[in-house]
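These are the residues of each chain, in order.
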Amino acid sequence: MNTVTLTLKKVPELYLECEQVTPDTFAGKTLDQIAGITGYHGKEMPTMGEYFTITGESGATAAETKIVVNGDCTKIKYLGAKMTAGEMVINSACDMYTGAWMKGGKLTVNGDVHSFCGLAMAGGEFIINGNAGNYLGAAYRGDWRGMSGGVLRVKGNAGSDVATFMTGGEMIIGGDVDIHLGTHMEGGKIILKGDANRRIGGQLVKGEIYVFGTINVMLPGYKPVGEVELEVDGTKAKFVDYIGDLGERHPKRKGETVYGHLYMKK
Amino acid sequence: MPKEVTDVICPFCGTLCDDIVITVSDDNKTILGVKNACAIGAEKFNHQREPGRVTRPRMRQADGTFKEVSYDEAIDWTAKMLVKSRKTLMYGWASTSCQAMSIGHEIAEKTGAIVDNCATVCHGSSLIAIEDVGVPSCTLGEVKNRADRVIFWGCNPAHAHPRHMSRYSIFPRGFFTVKGHKGRKIYCVDCRYTDTAKCADEFIQVQQGFDYELLNAFRTAARGEALPDTVGGVPREKIYEIVEDLKQARFGVIFFGMGLTHSMGRNHNIDIAINLTRDMNDYTKFAIMAMRGHWNVTGSGQVLGWQYGFPYAVDLSRRDQARHQTGETTSVDLLNRSEVEACFYIATDPGAHFPVDAMISSSRKPTVTIDPHINCTTEISDLHIPVALVGVEVGGCAYRMDNVPIETRKVVEPPEGVLTDEELLTKISKRVDELIAGGGT
């Protein structure tokens, strides 16, 4: 695997939109060609060469290309968005839409990310070694399909509206979350190691949420149905199984109603 | 001799009352009296004649004072600011006509700006919910003629939409509602005992921030499932009782306001209220409606929706595509994050409504405000351009809160030499064209 290293030369005055910084776009290009790729800075279209020092070499395909981004990326949006293969490592905190619509490959952020990251993610592995903002792995506005595949792992806390309209995949949050986790969820699995604020699994149709910590207020639409012993992300423990959201529609399978499950660690 | 102009549309709130009678002086310049309007609506007409109105643009000087300039100078300054700025916030639009908005959006497209309207700090969260789950709604005429269960949730029309209750929702006798108030059951759900609650048959006091939980409980009860003893301070028995009563309705409607859109969860509160409405349609006819504030904020959503597909916070900086993301392209976020370089405010007063931090950020950027009056925003602007009062001194299309278009009427002449929004924006658009043709970006 060949590596291209981008080092930020100057922090953008507004916010720089870099959805072209992915292994898919970089694959098979020379450093000069990569430097000529454009982004958006307001209505201006600067080249990557204006903002980054670019070294290394790209692979022939996306799967053979690794991108390392260094420097302060807090004002850069869309890093790793729509990537389908290869690897990206960002050694900084970054702004919105990082890893959004990601389909494959591995994206690691060694810092915090802002809102809308991993939006409608469909595959691959997205690791955030920091905290995440709101709408992590959620659906784009007006869409009814949020994260549908892949693995999204956050080391720290996440904000509100995490995993809204999630339909598949797995999300693991090491810390706490704010309100509205897994709202409108229709599949997939969320593992929350820390505490949740309120409104967990509101309007949830299908899917599983595992909570290791506490929930401030349980929604009235959840009902405990028993206890189960489970192994979740390498931890064996006893969980109380709640079904819900009983206020929401639920599909039927072989004559049985399929409910969502909220497992609370005892 | 003074004359009366009838069937005037009131340009104050989203109710757009269409039965106002205005007495006008025989020279067509002064409003002498207003009939039928509420106190706020009457004031909107009456202050047309108040002394001290600004009739020429004012430019900020180095010493902080304003100096009167010509419209041409003001138009040139505005056009140059728009062309130079890499990202401009064009916010407001809620108190102007749809025709003026359309011209404004053309300017935004040419200069790569972001168009946002007052929904951003008002019913924007309702619009997000509607984007997510749709909305089963109706017109206010249907409410008047059919509704026998009316729920006011987190709204207080007695103060914000003073004639809403008498024209549509509580008191009027309609085709199928011949008993008026007596034939309707009115619920008010709020965390405070408001003046609207005084008009209701039943007041349900919900603990602040527990609207989502209570709506969730209503939906759960509607499906016959078990509930905890109390939800948000409301006893379980009460919830079952109300839900059963709502199922018995011939036509029910939920009106909601800032109590839902700006308490914890925001769009999710509306989302679940819409879903409750949908659930109720399994038993009877039910509708839900946002109590829109500014008289033509609905119109701004309509025009933006028709032109770009999004009702507010439309980012046109890429010119070939319109983008919309609440939290990113919304005014307060743009200002707090200093994501824009210049501000263009029209027909609203963000200075009075935005968070202080956002306005501090705004005050550091080149700012133009187009407004008939001196307000909080004009005082932190570099340029204030006065215009004619839409709905009083010039007509134009507006949309009522139920998305019904109503053509507003011109009642009196504007002060001499004062341009209308349409005239001013057309001139700015023309100047922008000239600058771009001359090598601007």
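Heads up: the structure comes first, above all this text.
A few points on the structure. (Residues numbered from 1 in each chain as written. Chains lettered and ligands numbered in written order. Predicted model: local features only at pLDDT ≥ 70, side-chain atom pairs only at ≥ 80, totals over all residues.)

Describing the packing of helix α9 (residues 211-222) of chain B against helix α10 (residues 236-247) of chain B
All names here are of chain B. Which entries qualify depends on this criterion: Throughout, an axis means a line fitted to C-alpha atoms (over the contacting stretch in the case of helices), and angles, computed between N-to-C directions, take values from 0 to 180 degrees. Strands are runs of DSSP state E lasting at least 2 residues, helices are runs of H or I lasting at least 4, and numbering of each runs from the N terminus. Roughly parallel here means an angle under 35 degrees, roughly antiparallel means over 145, roughly perpendicular means 65 to 115, and every remaining angle is called oblique. The sense of a crossing depends on the near helix, which, turned anticlockwise from the far helix by less than a right angle, makes the crossing left-handed and, turned clockwise, makes it right-handed. We call two residues in contact when their backbone-placed C-beta atoms lie within 7 Å. Residues are sorted three ways: Asp, Glu, Lys and Arg are charged, Ala, Val, Leu, Ile, Met, Phe, Trp, Tyr, Cys and Pro are nonpolar, and all the rest, Gly among them, are polar.
As a packed pair, α9 and α10 sit with axes 9 Å apart at the nearest point and diverge in direction by 65°. When the axis of α9 is compared with that of α10, the two are roughly perpendicular. The two elements α9 and α10 cross, and the hand of that crossing is right-handed. Between α9, through Ala217, Phe218, Ala221 and Ala222, and α10, the contact on the second element is made entirely by Ile239, Tyr240 and Val243. Of the residues in the contact of α9 with α10, the class split is seven nonpolar, no polar and no charged.

Looking at the packing of helix α2 (residues 71-84) of chain B against helix α17 (residues 421-437) of chain B
All names here are of chain B. In the contact formed by α2 and α17, the axes pass within 9 Å of each other and the chain directions differ by 55°. Relative to α17, α2 is oriented oblique. Read as a crossing pair, α2 and α17 show a hand that is right-handed. Within the contact between the two elements, α2 uses Ile75, Asp76, Thr78, Ala79, Lys80, Leu82 and Val83 and α17 uses Lys427, Ile428, Arg431, Val432, Leu435 and Ile436. Its residues assigned to classes, the contact of α2 with α17 comprises eight nonpolar, one polar and four charged.

Considering the sheet that holds strand β2 (residues 16-17) of chain A
Residue and element names in this part refer to chain A. Here is the rule we go by: Paired strands, as defined in this entry, are two strands with at least two bridges between them according to DSSP.
Within the open sheet, the three strands sit side by side as β3-β2-β6. Their pairing is mixed. Of all strands in the sheet, those bounded by a partner on one side alone are β3 (40-41) and β6 (76-77). Here β2 runs beside β3; their pairing, made up of two bridges, is antiparallel. Across the sheet, the residue bridging to Glu17 is Tyr40, located in β3.

Observations regarding helix α12 (residues 267-280) of chain B
Applied cut-off: Given the number of residues in a helix, its expected span is that number minus one, multiplied by 1.5 Å. Residue burial here comes from a neighbour count, namely the number of other C-beta atoms, placed from the backbone, that lie within 10 Å of the residue's own C-beta, with 20 or more meaning buried, 12 or fewer meaning exposed, and in between meaning partly exposed.
Compared with an ideal rise of 1.5 Å per residue, which puts 14 residues at 20 Å, α12(B) spans 20 Å between its outermost C-alpha atoms and is within 8% of the ideal. Extensive coverage of α12(B) is indicated by the burial of 13 of its 14 residues.

Let's talk about the interface of chain A and chain B
Counting residues at the interface gives 26 residues for chain A and 34 residues for chain B. Looking at side-chain class alone, the side of chain A that touches chain B contains 10 nonpolar, 11 polar and five charged residues.

Focus: the pairing of strand β18 (residues 367-370) of chain B
Residue and element names in this part refer to chain B. Alternating residues of β18 divide into Thr367 and Thr369 and Val368 and Ile370, and every residue in both groups is buried. Here strand β17 (residues 342-346) runs beside β18; their pairing, made up of four bridges, is parallel. The residue bridging Cys343 from the neighbouring strand is Thr367, located in β18. Of the strand pairs in this sheet, β18 and strand β19 (residues 383-385) are connected by three bridges, and their pairing is parallel. The partner of Thr369 across the bridge, within β19, is His384.

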